[in-house]
Amino acid sequence: MKIIGTGSALPEKEVSNDMLAGFLDTSDEWISTRTGIHTRRLLSSDNLGDLAITAAKAAIESAGVNVNDIDYIICSNVANNYVTPSLSTIIQGGLGDECSSPCMDLNGACAGFLYAIDIAEAFLATDRAKNILIVCAEEPTKFCDWHERETSVLFGDGAGAVVVTGGDNLLARRVTAKSLKDVIYYKRPLENTPYDRSSQDQKTLVMKGHDVFRMAVRSSMNDINTLLEEQHVNPDDVKYYLLHQANMRIIDSIREHLNQPVEKFPTNLQRYGNTSSASIPILIDELVRGGKIQEGDLLMLSAFGAGFVTGGALMRW
Ligand code: COA
(Lines give C-alpha, C1' and ligand atoms only; values in the text may rest on other atoms or scores of the structure.)
Protein backbone atom coordinates (compact mmCIF):
# COMPACT_ATOMS: atom_id res chain seq x y z
CA MET A 1 0.00 0.00 0.00
CA LYS A 2 1.13 3.54 -0.53
CA ILE A 3 -0.35 7.00 0.03
CA ILE A 4 -0.54 8.92 -3.25
CA GLY A 5 -2.58 11.97 -2.22
CA THR A 6 -3.40 13.99 0.89
CA GLY A 7 -5.90 16.69 1.85
CA SER A 8 -7.32 18.42 4.89
CA ALA A 9 -9.89 21.00 5.92
CA LEU A 10 -10.47 22.92 9.14
CA PRO A 11 -13.44 24.99 10.31
CA GLU A 12 -13.14 28.74 9.91
CA LYS A 13 -13.84 29.66 13.53
CA GLU A 14 -10.65 29.89 15.59
CA VAL A 15 -11.10 29.81 19.37
CA SER A 16 -8.21 30.79 21.65
CA ASN A 17 -7.65 29.72 25.24
CA ASP A 18 -8.42 33.28 26.33
CA MET A 19 -11.79 33.09 24.58
CA LEU A 20 -12.59 29.93 26.57
CA ALA A 21 -11.48 31.65 29.78
CA GLY A 22 -14.21 34.21 29.01
CA PHE A 23 -16.94 31.70 29.95
CA LEU A 24 -15.15 28.81 31.69
CA ASP A 25 -13.21 28.75 34.95
CA THR A 26 -9.89 28.19 33.16
CA SER A 27 -6.89 30.13 31.84
CA ASP A 28 -4.51 30.22 28.92
CA GLU A 29 -1.74 29.34 31.39
CA TRP A 30 -3.51 26.15 32.63
CA ILE A 31 -4.47 24.92 29.17
CA SER A 32 -1.15 25.63 27.46
CA THR A 33 1.05 24.20 30.21
CA ARG A 34 -1.11 21.07 30.73
CA THR A 35 -1.80 20.33 27.05
CA GLY A 36 0.28 22.54 24.70
CA ILE A 37 -2.94 23.73 23.02
CA HIS A 38 -3.26 27.48 22.26
CA THR A 39 -6.15 27.63 19.80
CA ARG A 40 -8.56 25.20 18.17
CA ARG A 41 -10.98 25.35 15.24
CA LEU A 42 -14.68 24.81 15.92
CA LEU A 43 -17.52 24.18 13.53
CA SER A 44 -20.00 27.06 13.67
CA SER A 45 -21.75 28.08 10.44
CA ASP A 46 -19.87 25.33 8.52
CA ASN A 47 -20.61 21.60 8.86
CA LEU A 48 -18.63 18.38 9.10
CA GLY A 49 -19.92 16.88 5.83
CA ASP A 50 -18.65 19.86 3.82
CA LEU A 51 -15.31 19.78 5.63
CA ALA A 52 -14.93 16.06 4.85
CA ILE A 53 -15.78 16.64 1.17
CA THR A 54 -13.24 19.49 0.90
CA ALA A 55 -10.50 17.29 2.41
CA ALA A 56 -11.50 14.39 0.14
CA LYS A 57 -11.41 16.52 -3.02
CA ALA A 58 -7.98 17.90 -2.09
CA ALA A 59 -6.62 14.37 -1.54
CA ILE A 60 -8.04 13.12 -4.87
CA GLU A 61 -6.63 16.13 -6.71
CA SER A 62 -3.17 15.73 -5.21
CA ALA A 63 -3.26 11.99 -6.00
CA GLY A 64 -3.76 12.88 -9.67
CA VAL A 65 -6.62 10.38 -10.04
CA ASN A 66 -10.17 10.95 -11.22
CA VAL A 67 -13.15 10.71 -8.92
CA ASN A 68 -14.35 7.64 -10.86
CA ASP A 69 -11.00 5.94 -10.11
CA ILE A 70 -11.94 5.80 -6.41
CA ASP A 71 -13.37 2.35 -5.86
CA TYR A 72 -13.90 2.40 -2.09
CA ILE A 73 -14.50 5.16 0.47
CA ILE A 74 -13.69 4.54 4.12
CA CYS A 75 -14.65 7.28 6.55
CA SER A 76 -13.35 7.30 10.09
CA ASN A 77 -15.83 9.10 12.32
CA VAL A 78 -16.88 8.66 15.94
CA ALA A 79 -20.22 10.48 15.69
CA ASN A 80 -21.89 13.22 13.71
CA ASN A 81 -25.32 14.66 13.09
CA TYR A 82 -26.37 11.75 10.92
CA VAL A 83 -26.61 8.40 12.62
CA THR A 84 -27.63 7.15 9.21
CA PRO A 85 -26.82 7.44 6.32
CA SER A 86 -23.10 7.06 6.84
CA LEU A 87 -20.77 10.03 6.50
CA SER A 88 -18.90 8.14 3.77
CA THR A 89 -22.04 8.14 1.59
CA ILE A 90 -22.44 11.87 2.23
CA ILE A 91 -18.83 12.34 1.09
CA GLN A 92 -19.52 10.23 -2.00
CA GLY A 93 -22.48 12.49 -2.84
CA GLY A 94 -20.24 15.53 -2.55
CA LEU A 95 -17.76 14.05 -5.02
CA GLY A 96 -20.40 14.01 -7.76
CA ASP A 97 -22.26 11.47 -9.86
CA GLU A 98 -19.10 9.90 -11.32
CA CYS A 99 -18.29 8.38 -7.93
CA SER A 100 -20.27 5.20 -7.30
CA SER A 101 -17.88 3.35 -4.99
CA PRO A 102 -19.03 1.34 -1.97
CA CYS A 103 -18.80 3.33 1.25
CA MET A 104 -18.24 2.44 4.87
CA ASP A 105 -17.83 4.30 8.14
CA LEU A 106 -15.72 2.99 10.96
CA ASN A 107 -15.49 4.09 14.56
CA GLY A 108 -11.90 3.56 15.63
CA ALA A 109 -12.03 6.61 17.92
CA CYS A 110 -8.79 8.62 17.76
CA ALA A 111 -6.98 5.59 16.26
CA GLY A 112 -9.47 5.47 13.36
CA PHE A 113 -6.93 6.49 10.72
CA LEU A 114 -4.72 3.53 11.58
CA TYR A 115 -7.73 1.19 11.57
CA ALA A 116 -8.70 2.55 8.13
CA ILE A 117 -5.14 1.98 6.87
CA ASP A 118 -5.31 -1.59 8.17
CA ILE A 119 -8.61 -2.28 6.34
CA ALA A 120 -7.52 -0.51 3.15
CA GLU A 121 -4.34 -2.56 3.02
CA ALA A 122 -6.37 -5.78 3.22
CA PHE A 123 -8.71 -4.60 0.43
CA LEU A 124 -5.78 -3.67 -1.81
CA ALA A 125 -3.93 -6.91 -1.08
CA THR A 126 -6.98 -8.97 -2.06
CA ASP A 127 -7.74 -6.87 -5.19
CA ARG A 128 -11.04 -5.69 -3.74
CA ALA A 129 -10.07 -2.15 -4.71
CA LYS A 130 -7.34 -0.23 -6.55
CA ASN A 131 -7.70 3.32 -5.20
CA ILE A 132 -9.21 3.85 -1.77
CA LEU A 133 -10.20 7.20 -0.33
CA ILE A 134 -9.80 7.39 3.44
CA VAL A 135 -11.39 10.41 5.10
CA CYS A 136 -11.13 11.04 8.84
CA ALA A 137 -13.73 13.64 9.79
CA GLU A 138 -14.48 14.47 13.39
CA GLU A 139 -16.39 16.97 15.52
CA PRO A 140 -15.49 15.94 19.08
CA THR A 141 -16.26 19.46 20.37
CA LYS A 142 -19.92 18.47 20.04
CA PHE A 143 -19.54 15.57 22.50
CA CYS A 144 -18.49 17.90 25.32
CA ASP A 145 -20.48 19.72 27.96
CA TRP A 146 -19.33 23.30 27.38
CA HIS A 147 -19.90 24.13 31.04
CA GLU A 148 -17.18 21.60 31.94
CA ARG A 149 -13.60 22.79 31.70
CA GLU A 150 -12.14 19.26 32.05
CA THR A 151 -12.98 18.14 28.51
CA SER A 152 -14.15 21.05 26.34
CA VAL A 153 -10.75 22.79 26.27
CA LEU A 154 -9.03 19.72 24.78
CA PHE A 155 -10.75 19.23 21.44
CA GLY A 156 -11.09 20.75 17.98
CA ASP A 157 -12.95 19.79 14.79
CA GLY A 158 -11.37 18.91 11.45
CA ALA A 159 -10.99 16.54 8.53
CA GLY A 160 -7.96 14.86 6.95
CA ALA A 161 -7.93 12.58 3.91
CA VAL A 162 -5.60 10.36 1.90
CA VAL A 163 -5.86 8.31 -1.27
CA VAL A 164 -4.09 4.96 -1.10
CA THR A 165 -3.22 2.52 -3.83
CA GLY A 166 -1.18 -0.66 -4.29
CA GLY A 167 2.51 -0.48 -3.39
CA ASP A 168 5.03 -1.69 -0.87
CA ASN A 169 5.45 1.47 1.21
CA LEU A 170 3.49 0.23 4.21
CA LEU A 171 6.17 -1.83 5.93
CA ALA A 172 4.14 -2.89 8.96
CA ARG A 173 0.99 -1.99 10.84
CA ARG A 174 -0.59 -2.96 14.10
CA VAL A 175 -4.02 -2.37 15.62
CA THR A 176 -5.18 -3.36 19.10
CA ALA A 177 -8.29 -3.09 21.26
CA LYS A 178 -9.12 -3.71 24.89
CA SER A 179 -12.67 -3.14 26.07
CA LEU A 180 -12.62 -0.41 28.74
CA LYS A 181 -15.94 1.43 28.78
CA ASP A 182 -15.32 3.81 31.64
CA VAL A 183 -12.03 5.63 30.88
CA ILE A 184 -13.49 7.72 28.05
CA TYR A 185 -17.07 7.59 26.78
CA TYR A 186 -19.94 9.59 25.33
CA LYS A 187 -23.53 8.31 25.27
CA ARG A 188 -26.22 9.58 22.93
CA PRO A 189 -29.93 8.92 23.50
CA LEU A 190 -31.90 6.78 21.07
CA GLU A 191 -35.69 6.92 20.95
CA ASN A 192 -37.62 5.32 23.77
CA THR A 193 -39.93 2.46 22.88
CA PRO A 194 -42.93 1.13 24.85
CA TYR A 195 -40.62 -1.69 25.98
CA ASP A 196 -37.41 0.15 26.73
CA ARG A 197 -37.34 3.59 28.29
CA SER A 198 -33.61 3.58 29.04
CA SER A 199 -32.86 5.94 26.16
CA GLN A 200 -32.84 9.02 28.40
CA ASP A 201 -29.45 7.75 29.48
CA GLN A 202 -27.42 10.49 27.77
CA LYS A 203 -23.98 11.53 28.95
CA THR A 204 -21.67 14.13 27.47
CA LEU A 205 -18.02 13.17 27.14
CA VAL A 206 -16.63 11.64 30.32
CA MET A 207 -12.89 11.11 30.60
CA LYS A 208 -10.51 9.95 33.29
CA GLY A 209 -7.68 12.20 32.15
CA HIS A 210 -4.89 10.67 34.26
CA ASP A 211 -5.78 7.11 33.21
CA VAL A 212 -5.98 8.05 29.52
CA PHE A 213 -2.64 9.85 29.79
CA ARG A 214 -0.89 6.84 31.30
CA MET A 215 -2.49 4.35 28.91
CA ALA A 216 -1.67 6.59 25.93
CA VAL A 217 2.05 6.70 26.68
CA ARG A 218 2.24 3.01 27.53
CA SER A 219 0.25 1.80 24.52
CA SER A 220 1.98 4.06 21.99
CA MET A 221 5.38 2.97 23.26
CA ASN A 222 4.31 -0.64 22.98
CA ASP A 223 3.03 -0.23 19.39
CA ILE A 224 6.09 1.75 18.27
CA ASN A 225 8.61 -0.64 19.85
CA THR A 226 6.79 -3.68 18.48
CA LEU A 227 6.83 -2.26 14.94
CA LEU A 228 10.49 -1.20 15.18
CA GLU A 229 11.56 -4.60 16.49
CA GLU A 230 9.44 -6.51 13.97
CA GLN A 231 11.05 -4.60 11.10
CA HIS A 232 14.56 -4.47 12.66
CA VAL A 233 14.50 -0.67 12.41
CA ASN A 234 16.60 1.54 14.67
CA PRO A 235 14.53 4.42 16.18
CA ASP A 236 17.23 6.82 14.90
CA ASP A 237 16.41 5.86 11.30
CA VAL A 238 12.82 7.11 11.54
CA LYS A 239 12.55 10.61 10.04
CA TYR A 240 9.27 11.57 11.72
CA TYR A 241 7.15 10.15 14.51
CA LEU A 242 3.62 11.24 13.59
CA LEU A 243 1.67 10.82 16.79
CA HIS A 244 -1.96 11.42 17.63
CA GLN A 245 -2.22 15.10 18.51
CA ALA A 246 -3.90 14.83 21.92
CA ASN A 247 -1.54 16.44 24.39
CA MET A 248 2.01 17.83 24.06
CA ARG A 249 3.02 16.19 27.33
CA ILE A 250 2.00 12.75 26.03
CA ILE A 251 4.08 13.36 22.89
CA ASP A 252 7.03 14.63 24.98
CA SER A 253 6.87 11.60 27.22
CA ILE A 254 6.92 9.18 24.25
CA ARG A 255 9.78 11.17 22.71
CA GLU A 256 11.80 10.96 25.93
CA HIS A 257 11.23 7.19 26.17
CA LEU A 258 12.48 6.83 22.59
CA ASN A 259 15.36 9.22 23.26
CA GLN A 260 14.77 11.10 19.99
CA PRO A 261 15.12 14.81 19.16
CA VAL A 262 12.12 17.13 19.21
CA GLU A 263 12.40 17.90 15.45
CA LYS A 264 11.33 14.34 14.73
CA PHE A 265 7.94 14.94 16.36
CA PRO A 266 6.05 17.47 14.26
CA THR A 267 2.88 18.80 15.91
CA ASN A 268 -0.12 20.94 15.14
CA LEU A 269 -2.11 20.43 18.33
CA GLN A 270 -1.06 23.94 19.39
CA ARG A 271 -3.34 25.29 16.62
CA TYR A 272 -6.05 22.63 16.31
CA GLY A 273 -6.36 20.81 19.66
CA ASN A 274 -7.28 17.13 19.58
CA THR A 275 -9.17 16.48 16.33
CA SER A 276 -9.55 12.75 17.11
CA SER A 277 -8.85 10.45 14.15
CA ALA A 278 -8.38 13.46 11.83
CA SER A 279 -5.26 14.59 13.68
CA ILE A 280 -2.66 12.39 11.95
CA PRO A 281 -3.94 12.80 8.34
CA ILE A 282 -4.21 16.59 8.85
CA LEU A 283 -0.61 16.59 10.12
CA ILE A 284 0.57 14.46 7.18
CA ASP A 285 -1.16 16.77 4.69
CA GLU A 286 0.49 19.85 6.21
CA LEU A 287 3.93 18.23 6.16
CA VAL A 288 3.55 17.00 2.58
CA ARG A 289 2.29 20.37 1.33
CA GLY A 290 5.06 22.14 3.26
CA GLY A 291 7.67 19.95 1.53
CA LYS A 292 8.79 18.43 4.83
CA ILE A 293 8.05 14.81 3.92
CA GLN A 294 10.12 13.58 0.98
CA GLU A 295 10.10 10.38 -1.02
CA GLY A 296 11.96 7.64 0.83
CA ASP A 297 11.40 9.09 4.34
CA LEU A 298 10.68 6.54 7.04
CA LEU A 299 7.59 7.47 9.09
CA MET A 300 6.18 6.00 12.29
CA LEU A 301 2.49 6.65 12.97
CA SER A 302 0.88 5.97 16.33
CA ALA A 303 -2.51 6.74 17.86
CA PHE A 304 -4.74 5.71 20.78
CA GLY A 305 -8.31 6.40 21.73
CA ALA A 306 -11.58 5.47 23.41
CA GLY A 307 -12.24 1.78 23.48
CA PHE A 308 -9.40 1.51 24.47
CA VAL A 309 -7.99 1.16 20.94
CA THR A 310 -4.55 1.76 19.49
CA GLY A 311 -2.94 1.70 16.07
CA GLY A 312 0.53 2.09 14.64
CA ALA A 313 2.15 1.95 11.22
CA LEU A 314 5.67 2.09 9.86
CA MET A 315 5.78 3.40 6.32
CA ARG A 316 8.23 4.57 3.71
CA TRP A 317 7.03 7.69 1.84
N1 COA B 1 -8.69 24.77 33.58
C2 COA B 1 -8.29 24.90 34.85
N3 COA B 1 -8.27 23.87 35.71
C4 COA B 1 -8.66 22.67 35.26
C5 COA B 1 -9.09 22.46 33.94
C6 COA B 1 -9.09 23.58 33.08
N7 COA B 1 -9.48 23.49 31.81
N8 COA B 1 -9.40 21.17 33.77
C9 COA B 1 -9.19 20.57 34.94
N10 COA B 1 -8.76 21.47 35.84
C11 COA B 1 -8.41 21.23 37.23
C12 COA B 1 -9.14 20.03 37.81
O13 COA B 1 -10.40 20.40 38.30
C14 COA B 1 -8.19 19.59 38.88
O15 COA B 1 -8.36 20.43 39.99
P16 COA B 1 -8.19 19.84 41.49
O17 COA B 1 -6.76 19.40 41.58
O18 COA B 1 -8.50 21.00 42.35
O19 COA B 1 -9.16 18.72 41.60
C20 COA B 1 -6.85 19.89 38.27
O21 COA B 1 -7.04 20.90 37.29
C22 COA B 1 -6.25 18.70 37.59
O23 COA B 1 -4.96 19.08 37.29
P24 COA B 1 -3.88 17.98 36.93
O25 COA B 1 -4.07 16.75 37.75
O26 COA B 1 -2.54 18.63 36.99
O27 COA B 1 -4.26 17.69 35.44
P28 COA B 1 -3.44 16.77 34.49
O29 COA B 1 -2.00 17.11 34.55
O30 COA B 1 -3.82 15.34 34.63
O31 COA B 1 -3.99 17.26 33.09
C32 COA B 1 -5.40 16.54 31.29
C33 COA B 1 -5.33 17.01 32.76
C34 COA B 1 -6.85 16.23 30.96
C35 COA B 1 -4.90 17.67 30.42
C36 COA B 1 -4.48 15.31 31.13
O37 COA B 1 -4.80 14.35 32.10
C38 COA B 1 -4.61 14.67 29.76
O39 COA B 1 -4.31 15.27 28.75
N40 COA B 1 -5.04 13.42 29.69
C41 COA B 1 -5.19 12.74 28.43
C42 COA B 1 -6.44 13.24 27.75
C43 COA B 1 -6.53 12.79 26.32
O44 COA B 1 -5.58 12.73 25.61
N45 COA B 1 -7.76 12.50 25.88
C46 COA B 1 -8.06 12.16 24.55
C47 COA B 1 -7.80 10.73 24.30
S48 COA B 1 -7.94 10.39 22.59
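Computed from a predicted structure; not experimentally measured.

Visitor: Looking at this model, I keep getting lost on the sheet that holds strand E11 (residues 240–243). Mind explaining?
Guide: Pairing in this open sheet of four strands is mixed, and the strands run E8-E13-E12-E11 from one edge to the other. Since the sheet does not close on itself, it has two edges, and those belong to strand E8 (170–180) and E11, each with one partner. Sheet twist, expressed as the average angle between the axes of neighbouring strands with direction ignored, equals 10°. Sitting on the sheet, helix H10 (residues 279–289) is in contact with E11 and strand E12 (298–305), with an inclination near 145° to E11.

Visitor: Explain helix H7 (residues 209–230) to me, please; I cannot follow it from the model alone.
Guide: For the α-helix, the turn length of 3.6 residues means that residues three or four positions removed from each other point alike. Look at H7: 31 Å from first C-alpha to last across 22 residues, which is about the 32 Å you get at 1.5 Å a residue. Inspection of H7 places Val212, Met215, Ala216, Val217, Ser219, Ser220, Met221, Asp223, Ile224, Leu227 and Leu228 among the buried residues, and these make up the whole buried set. Positive backbone phi, at 50°, marks His232, one or two positions downstream of H7.

Visitor: What is the right way to read the packing of H7 against helix H8 (residues 248–258) from this model?
Guide: For any two helices packed against each other, one specifies the inter-axial angle together with the distance between the axes. Running from N to C, H7 and H8 point in directions that differ by 40°, and their axes come no closer than 10 Å. Considered as vectors, H7 and H8 are oriented oblique to each other. Regarding H7 and H8, the two cross each other, and that crossing is right-handed. For the pair formed by H7 and H8, the contact residues are Phe213, Ala216, Val217, Ser220, Met221, Ile224, Asn225 and Leu228 on the first element and Arg249, Ile250, Ser253, Ile254, His257 and Leu258 on the second.

Visitor: Would you explain the pattern of salt bridges in this entry?
Guide: Here the idea is simple: oppositely charged side chains can pair when their charged atoms come close. Counted according to the given criterion, the structure contains twelve salt bridges. Notably, a salt bridge pairs Arg255 with Asp252, separated by 3.4 Å at the nearest N-O pair. Note that Arg255 and Asp252 are positioned in helix H8 at a spacing of three residues, about one turn of the helix. Taken together, the shared-partner salt bridges connect Asp25, Arg149 and Glu150 into one network.

Visitor: Please clarify how the packing of helix H3 (residues 48–63) against helix H4 (residues 87–95) should be interpreted in this entry.
Guide: Two elements in contact, H3 and H4, have axes whose closest approach is 9 Å; the angle formed by their N-to-C orientations is 60°. Comparing their axes, H4 and H3 come out oblique. Of the two elements, H3 crosses H4, and the hand of that crossing is right-handed. Contacts between H3 and H4 pair Leu48, Gly49, Ala52, Ile53, Ala56, Lys57 and Ile60 from the former with Leu87, Ile90, Ile91, Gly94 and Leu95 from the latter. Classifying every residue of the contact of H3 with H4 by side-chain character gives nine nonpolar, two polar and one charged.

Visitor: What is the right way to read the nonpolar core from this model?
Guide: Most often, soluble globular proteins keep nonpolar side chains buried together rather than apart. Formed by 41 residues in total, the largest nonpolar core has its most connected members in Ile224, Leu228, Val238, Tyr241, Ile254, Leu258 and Met300. Among the elements that line this core, the one with the most residues is H7, at eight residues. With sequence-adjacent residues up to four places away left out, Leu258 is seen in contact with Met221, Ile224, Asn225, Leu228, Tyr241 and Phe265. If you look at the next biggest cluster of nonpolar residues, it comprises 40 residues, including Leu114, Leu287, Leu299 and Met315.

Visitor: Would you take a moment to explain the sheet that holds strand E7 (residues 158–165) for this structure?
Guide: Two orientations exist for strands paired in a sheet by backbone hydrogen bonds: parallel and antiparallel. Ordered in space as E1-E7-E6-E4-E5, the five strands form an open sheet in which the pairing is mixed. Looking at the sheet topology across the chains shown, the edges are occupied by strand E1 (2–9) and strand E5 (103–106). Strand-to-strand, the axes of this sheet are offset by a mean angle of 20°, without reference to chain direction. Along the sheet face, H10 touches E1, strand E6 (131–138) and E7 and points at about 100° away from the line of E1.

Visitor: Would you take a moment to explain the environment of Tyr82 for this structure?
Guide: Relative to the elements of secondary structure, Tyr82 occurs in the loop between strand E4 (72–76) and H4. Sequence-wise, Tyr82 and Ala137 are 55 residues apart; in three dimensions their C-alpha atoms are separated by 13 Å.

Visitor: Help me understand the packing of aromatic side chains, please; the structure alone is not making it clear to me.
Guide: For any two aromatic rings, the description comes down to two numbers: the centre-to-centre distance and the angle of the planes. Inspection of the entire model under this criterion finds five aromatic pairs. Relative to Phe123, the ring of Tyr72 has its centre 4.7 Å away and its plane inclined at 50°; by these criteria the two rings are tilted. Of this pair, Tyr72 sits in strand E4 while Phe123 is found in helix H5 (residues 112–125), placing the two residues 51 residues apart along the sequence. Of the two residues, Tyr72 and Phe123, neither departs from the other in class, the shared state being buried. Relative to Phe308, the ring of Phe304 has its centre 6.4 Å away and its plane inclined at 10°; by these criteria the two rings are stacked.

Visitor: Sorry, what's going on with the site of the ligand here?
Guide: Within the structure, the ligand sits among 21 residues, and Thr26, Arg34, His210, Asn247 and Arg249 are positioned closest to it. Here a nitrogen atom of the ligand sits 3.0 Å away from a polar atom, N or O, in the main chain of Gly209. Here Arg249 contributes a side-chain N or O atom positioned 2.9 Å from an oxygen atom of the ligand. Elements supplying a minimum of two residues to the shell around the ligand: helix H2 (28–35), helix H6 (149–152), H7 and H8. Broken down by class, the residue content of the shell around the ligand amounts to nine nonpolar, seven polar and five charged.

Visitor: Please clarify how the pairing of E5 should be interpreted in this entry.
Guide: In the case of a regular strand, side chains alternate between the two sheet surfaces. Sheet topology note: the E4/E5 ladder contains four bridges and is parallel. Bridging from a neighbouring strand, Ser76 pairs with Leu106 of E5. You can see the chain leave E4, run along H4 and come back into E5, and the turn it takes is right-handed.

Criteria and thresholds
- Residues numbered from 1 in each chain as written.
- Predicted model: local features only at pLDDT ≥ 70, side-chain atom pairs only at ≥ 80, totals over all residues.
- Heavy atoms only, no water.
- Pairing = 2+ DSSP bridges.
- Helix = DSSP H or I, 4+ residues; strand = E, 2+ residues; numbered from the N terminus.
- Axes fitted to C-alpha atoms, helices over the stretch in contact; angles between N-to-C directions.
- Contact = heavy atoms within 4.5 Å.
- Expected span 1.5 Å × (residues − 1).
- Buried < 20%, exposed > 50% of the residue type's maximum accessible area, 1.4 Å probe, protein only.
- Parallel < 35°, antiparallel > 145°, perpendicular 65-115°, else oblique.
- Left-handed = near helix turned anticlockwise from the far one by under 90°.
- Salt bridge = Lys/Arg side-chain N within 4 Å of Asp/Glu carboxyl O.
- Nonpolar A, V, L, I, M, F, W, Y, C, P; charged D, E, K, R; others polar.
- Core = buried A, V, L, I, M, F, W, Y, C linked by side-chain atoms within 4.5 Å.
- Phe/Tyr/Trp six-rings, centres within 6.5 Å; stacked < 30°, edge-to-face > 60°.
- Near = heavy atom within 4 Å.
- Polar contact = N/O pair within 3.5 Å; in protein donor to acceptor, adjacent residues only side chain to side chain.
- Right-handed = clockwise from strand over helix to strand, strands pointing away.

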